[in-house]
Structure formats: structure tokens, C-alpha cells
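# Observations on the model geometry
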Amino acid sequence: MQFTTLNNGVKIPLLGFGTFQIPNSKDCEDCVEYAIECGYRLIDTASLYKNETSIGNAVQHARINREDMVLTSKVWPQDHGYENTLQAFEQSRKNLGVDYIDLYMIHQPYGDYYGSWRAMEKLLQEGLVKAIGVCNFSAERLVDFCMNQEVMPAINQVEIHPFFQQKDLIEIMEKYQIHQEAWGPLCEGQMGIFDNPTLKKIADEYDKTVAQIINRWHIQKGNIIIPRSVQRSHILENISIWDFELSEKDMYRIELMDLGHSEIIDHCKPSTAKWINEWKIHD
């Protein structure tokens with residue numbers, strides 16, 4: 001495993017295990033427990049995913065020292081605001097069965113996320129979280145946010161993959177010493193990414209799978225990634241990328257694949273803001 005250090009000194013693995021769309025169940029526990037067995041030490045979840053209890057159970061069953069695990073959760077817009085966020089955090093902490101959460105993030109840039117940030121600063125001061133961050137913040141929202149905070153986000157978790165590389169946003173994040181974390185690092189398997197001729201050719205040259213080539217590209221770009229799978233073979237495949245390195249030529253070949261926009265979700269659309277604000281995760 002390789003690690004990076006966030007802007008507050010917290011060390012975090014560059015490769016973790018994503019759990020979006022893995023329902024709260026014994027199957028979820030088994031997936032996470034197997035991921036830990038394979039060497040994953042960063043587990044990403046959110047209140048939206050409704051699987052925090054299963055993840056907490058898996059971590060306990062794995063018998064890994066708590067300080068060796070990095071657990072991430074997020075607050076949903078329905079729970080934005082100071083008091084609501086404190087309550088949402090406490091529920092997530094209880095669901096995970098831990099004394100603290102390593103990384104707590106604003107899941108979407110809508111609603112009263114400024115109030116949420118005040119609450120997250122309090123949690124940080126009290127040692128209940130080790131780092132705080134944001135997700136899905138576009139460049140202009142991130143700059144505005146940073147110019148009105150004392151504590152800078154440690155991470156901005158956004159969509160990044162070969163078809164949408166977010167170069168301009170990452171350049172701005174670097175100015176504020178905010179680390180990029182990629183959700184959907186494998187483009188959620190969409191747009192025929194696993195059959196892409198360029199990626200398949202590179203994979204054949206290294207005797208690796210397309211997924212391994214993409215994950216390796218991310219790591220060499222410095223992206224923290226959280227690929228998700230429920231298949232044991234893919235969970236192991238995704239983390240088995242430490243025995244090779246892509247050449248500058250192959251990194252550049254993948255760089256040329258950038259479309260400059262998302263085919264999954266556009267957070268700048270009014271319809272997206274409306275849809276997410278209407279998405280309720282509890283009564």
C-alpha cells in the first residue's frame with residue numbers, strides 16, 4: 001500500500017474500498033471483511049448508503065487495530081446545518097461502532113453546508129474526527145468555500161476517471177492544499193471502459209487487466225481512489241497493482257482520453273440540485 005499525507009498531517013492510503021450501492025446486509029459485511037483481508041485499510045461509506053452498521057461489524061470481525069483503519073462517512077444535505085450535522089455524525093459513529101471517524105465529509109454542495117462545516121470543525125477540535133472534507137464541490141464552489149473558512153477541507157471527493165480527469169479542478173485544489181479523492185475511479189463500469197481499445201492495448205502490454213491499469217494510472221497521478229466491487233476476484237484485482245508502474249508514454253496515452261465532462265452526473269445542472277435536495281434518507 002502507498003499513502004499520502006493530508007494538509008493537517010493525517011496519513012491516508014491512496015487506495016481504499018468503496019461501498020456505494022452495497023446494501024446493509026451480511027453480504028456487505030463479507031465484502032468489507034474480505035477487502036480488509038486483502039489489504040484495504042481505507043473504507044468509504046456515507047449515511048446515504050445505509051450500510052454503516054454492516055461495515056462496523058466487518059471491521060470488528062476483522063480484528064484489525066482501530067488505528068490501522070481509516071473509516072470515512074459523509075453527511076447528506078437533508079442533515080445539513082449545525083445541530084443536524086452533529087446528530088447525523090453521532091448516528092454514523094454509533095452505526096459504525098467506533099469512538100471516532102477518521103474522515104467526515106459534506107456529501108453534496110447543497111443546503112446549509114456552511115452550518116455543517118461549523119459542526120465538523122467542532123468535531124475536529126474534540127478529536128471525534130481526524131480530518132474533514134467535502135465531496136462534489138466544483139471549482140467555483142470550492143474557491144468560495146475556502147475563502148470563507150479557517151479550516152481548509154482536507155479532501156474533495158469528486159468523480160475522476162480516464163474519461164473525466166478534472167484537471168482544472170485539481171489545479172485549484174492544489175493551490176489550497178486539498179487532496180483529490182476519486183469516486184467512480186473505474187467510471188462505474190460505464191461507457192464501455194473495460195473494452196476501450198487504448199486501455200486494452202496498454203493492459204495487454206503489461207499483462208494486467210484494464211481495471212488494474214486504470215487504478216495504477218490514478219495512483220501515479222496522486223489520486224486517492226475507492227473502487228467498489230462485490231465480487232471477491234475483483235476486490236483482490238483492484239488492489240493488486242503494486243508490482244508494476246506505467247511509463248510516461250502510457251500515462252500520456254490515458255491522459256488523451258479525457259472528454260472534459262461527466263457522462264454520469266452533472267452537479268452544475270439545476271435539475272441535479274433539485275433532485276439531490278429532494279432525496280430524503282430518513283423521515
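Our subject in this report is the structure included herewith. Quantities reported herein were computed from a predicted structural model and do not represent experimental measurements. (Residues numbered from 1 in each chain as written. Predicted model: local features only at pLDDT ≥ 70, side-chain atom pairs only at ≥ 80, totals over all residues. Heavy atoms only, no water.)

Here we come to the pairing of strand S8 (residues 155-159). With five of its five residues buried, S8 lies for the most part within the structure. Inspection of the sheet shows strand S7 (residues 129-135) paired to S8 by two bridges, in the parallel sense. Following the sheet pairing, Val 134 is matched in S8 by Asn 156. Traced from S7 through helix H5 (residues 139-146) to S8, the parallel crossover comes out right-handed. Here five bridges tie S8 to strand S9 (residues 179-183), and the two strands are oriented parallel to one another. What sits directly across from Glu 159, in S9, is Trp 183. With helix H6 (residues 167-175) bridging S8 and its parallel neighbour S9, the resulting β-α-β unit is right-handed. (Buried < 20%, exposed > 50% of the residue type's maximum accessible area, 1.4 Å probe, protein only. Helix = DSSP H or I, 4+ residues; strand = E, 2+ residues; numbered from the N terminus. Pairing = 2+ DSSP bridges. Right-handed = clockwise from strand over helix to strand, strands pointing away.)

Phe 17 and Ile 106 are the most contacted members of the largest nonpolar core, which totals 81 residues. Those residues within four positions of Phe 17 in sequence are excluded, and the remaining contacts are Ile 22, Cys 31, Val 32, Ala 35, Tyr 40, Leu 42, Ile 43, Asp 44, Ile 226, Pro 227, Ser 229 and Ile 235. Counting eight residues, the second-largest nonpolar core is a separate cluster that includes Ala 46, Leu 48, Trp 76 and Ala 273. (Core = buried A, V, L, I, M, F, W, Y, C linked by side-chain atoms within 4.5 Å. Contact = heavy atoms within 4.5 Å.)

For helix H2 (residues 52-62), the set of buried residues is Glu 52, Ser 54, Ile 55, Gly 56, Ala 58 and Val 59. Structurally, H2 contributes buried residues whose contacts are with helix H1 (26-38), strand S4 (42-44), strand S5 (70-75) and helix H3 (82-96).

This part takes up the pattern of salt bridges. Close approach of charged atoms allows side chains of opposite charge to pair. For the structure on display, the rule yields 13 salt bridges. Between Glu 90 and Arg 93 there is a salt bridge, and its shortest N-O distance comes to 2.5 Å. Separated by three residues within a single helix, Glu 90 and Arg 93 lie in helix H3, roughly one turn from each other. Through salt bridges that share partners, Lys 201, Glu 205, Asp 250 and Arg 253 make up one connected network. (Salt bridge = Lys/Arg side-chain N within 4 Å of Asp/Glu carboxyl O.)

Turning to unusual backbone geometry, a few remarks are in order. Phi is positive for Arg 63, which is not a glycine, with a value near 55°. Looking at the secondary structure, you find Arg 63 in the loop between H2 and S5. One non-glycine residue, Glu 188, adopts positive backbone phi at about 55°. Here Glu 188 is to be found in the loop between S9 and helix H7 (197-206). Residue Glu 188 is classed as partly exposed on the basis of its relative accessible area of 40%.

A few words now on the packing of aromatic side chains. Applying the stated criterion across every chain yields a total of 12 aromatic pairs. Between Phe 89 and Tyr 104, the ring centres sit 5.1 Å apart and the planes meet at 75°, which makes this aromatic pair edge-to-face. With Phe 89 in helix H3 and Tyr 104 in strand S6 (residues 101-106), the pair connects residues that are 15 residues apart, well separated along the chain. For Phe 89, a relative accessible area of 1% gives the class buried. On the basis of an interplanar angle of 70° and a centroid distance of 5.1 Å, the ring pair of Tyr 113 and Phe 137 is categorised as edge-to-face. One end of the pair, Tyr 113, is in helix H4 (residues 113-125); the other, Phe 137, is in the loop between S7 and H5, with 24 residues separating them in the sequence. One aromatic cluster is present, formed by Tyr 113, Tyr 114, Trp 117, Phe 137 and Phe 145 through successive ring pairs. Here the guanidinium or amino end of Lys 11 rests over the ring plane of Phe 3, the centre of that ring lying 4.9 Å away. Above the ring of Tyr 100, the side-chain terminus of Arg 66 is found at 4.1 Å from the ring centroid. (Phe/Tyr/Trp six-rings, centres within 6.5 Å; stacked < 30°, edge-to-face > 60°. Lys NZ or Arg CZ within 6 Å of the ring centre and 35° of its normal.)

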